[in-house]
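Listed here are the chains, written in short residue letters.
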Amino acid sequence: RKFAGIKNAVDRSSVSPPYLWSATNIDCDNDGMLSRRDGIGAITNWTTGYHSAWTTADGSVFLIISQDSLLASTSAPFGSSSLLLSNLNPTLTMDYVEVNRDIYYTNGQVYGFIIRDSLTLGTWPAITATNGIRMRPGRLIAYYNGRIYTAIGGTIYYSMPFDFGR
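Residues numbered from 1 in each chain as written. Predicted model: local features only at pLDDT ≥ 70, side-chain atom pairs only at ≥ 80, totals over all residues. Heavy atoms only, no water.

Focus on the side chain of Thr-56
And then number 1: Within the secondary structure, Thr-56 sits in the loop between β5 (50-55) and β6 (62-66).
And then number 2: Judged by its relative accessible area of 2%, Thr-56 is buried.
And then number 3: Within the local environment of Thr-56, its side chain forms a polar contact with the side chain of Asp-58, the two groups lying 2.8 Å apart.
And then number 4: Not counting the four nearest positions on each side in its chain, Thr-56 is found in contact with Val-61, Glu-98, Ile-103 and Arg-116. (Helix = DSSP H or I, 4+ residues; strand = E, 2+ residues; numbered from the N terminus. Buried < 20%, exposed > 50% of the residue type's maximum accessible area, 1.4 Å probe, protein only. Polar contact = N/O pair within 3.5 Å; in protein donor to acceptor, adjacent residues only side chain to side chain. Contact = heavy atoms within 4.5 Å.)

Quick word on the environment of Ile-152
And then number 1: Examined against the element boundaries, Ile-152 turns out to sit in strand β14 (residues 147-152).
And then number 2: For Ile-152 and Arg-136, which are 16 residues apart along the polypeptide, the C-alpha to C-alpha distance reads 9.4 Å.
And then number 3: Contact partners of Ile-152, with chain neighbours within four places excluded, come to Gly-108, Pro-137, Gly-138, Arg-139 and Tyr-157.

Details of the environment of Tyr-104
And then number 1: Of note, Tyr-104 is situated in strand β10 (residues 102-106).
And then number 2: In sequence terms Tyr-104 and Ile-141 are 37 residues apart; their C-alpha atoms lie 8.0 Å from each other.
And then number 3: If sequence neighbours within four positions are ignored, Tyr-104 has contacts with Asp-95, Tyr-96, Val-97, Val-99, Tyr-111, Gly-112, Phe-113, Trp-124, Ile-141, Ile-148 and Phe-164.

Side note on the nonpolar core
And then number 1: Of all hydrophobic cores here, the largest spans 15 residues; its most connected members are Leu-63, Leu-70, Tyr-96, Ile-103 and Ile-114.
And then number 2: For Ile-114, the contacting residues outside a window of four places in its chain are Leu-63, Leu-70, Leu-84, Asp-102, Ile-103, Tyr-105, Leu-119, Thr-120, Leu-121 and Gly-122.
And then number 3: Counting nine residues, the second-largest nonpolar core is a separate cluster that includes Tyr-104, Met-135, Ile-141 and Ile-148. (Core = buried A, V, L, I, M, F, W, Y, C linked by side-chain atoms within 4.5 Å.)

Re the packing of aromatic side chains
Two measures describe an aromatic ring pair: the distance that separates the ring centres and the angle between the ring planes.
And then number 1: The full count for this structure, using the stated rule, is eight aromatic pairs.
And then number 2: Plain terms: the ring middles of Tyr-104 and Phe-164 are 5.3 Å apart, the flat faces sit at 85 degrees to each other, and that makes the pair edge-to-face. Residue Tyr-104 is located in strand β10, and its partner Phe-164 is located in the segment after β15 (155-158); the two are separated by 60 residues in the primary sequence. The same class applies to Tyr-104 and to Phe-164, which are both buried.
And then number 3: Taken together through their ring pairs, the aromatic side chains of Tyr-104, Tyr-111, Phe-113, Trp-124, Tyr-143 and Phe-164 make up a single cluster. (Phe/Tyr/Trp six-rings, centres within 6.5 Å; stacked < 30°, edge-to-face > 60°.)

Re the side chain of Thr-150
And then number 1: Tracing the backbone shows Thr-150 in strand β14.
And then number 2: A polar side-chain atom of Thr-150 sits 2.9 Å from the main-chain carbonyl oxygen of Arg-136.
And then number 3: In this structure Thr-150 touches Thr-106, Tyr-111, Met-135, Arg-136, Pro-137, Gly-138, Leu-140, Ile-141, Thr-155, Ile-156 and Tyr-157, once residues within four positions along its chain are discounted.

This is the structure we're talking about:
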């Protein structure tokens, strides 16, 4: 189906193909077909064991899994890095989403967040009997309308509004 254009002057729920409400990192050719935009360049000298590469929208932070560790870098292409998290299952891919300058991650076994300005792991407030349960990890993660959503298998979990730890 041909892409007809961006239509964002209406409510998001009323937009249907061939229009999009918004689009990031796509190109449209002369025939109206969409394709994923190429990256800014290839990272070289990689060996096996690297996966789940991700960068912030402005390209200022780069995350990657190396063997069983989550690494972060503020130089591109991936230069000197800092260790954020270790002892991860190396066969699970990590998924990320940026919300309000923090980066949330999950791989189906872990769920957490990175404070972007300091590149340190965030900590969740304590859970008590009166304030709910901890948000569940998933294989996919997304942010929409004040909530974090994770999904694993056929199950979708969602956080409390603007309280992404529960």
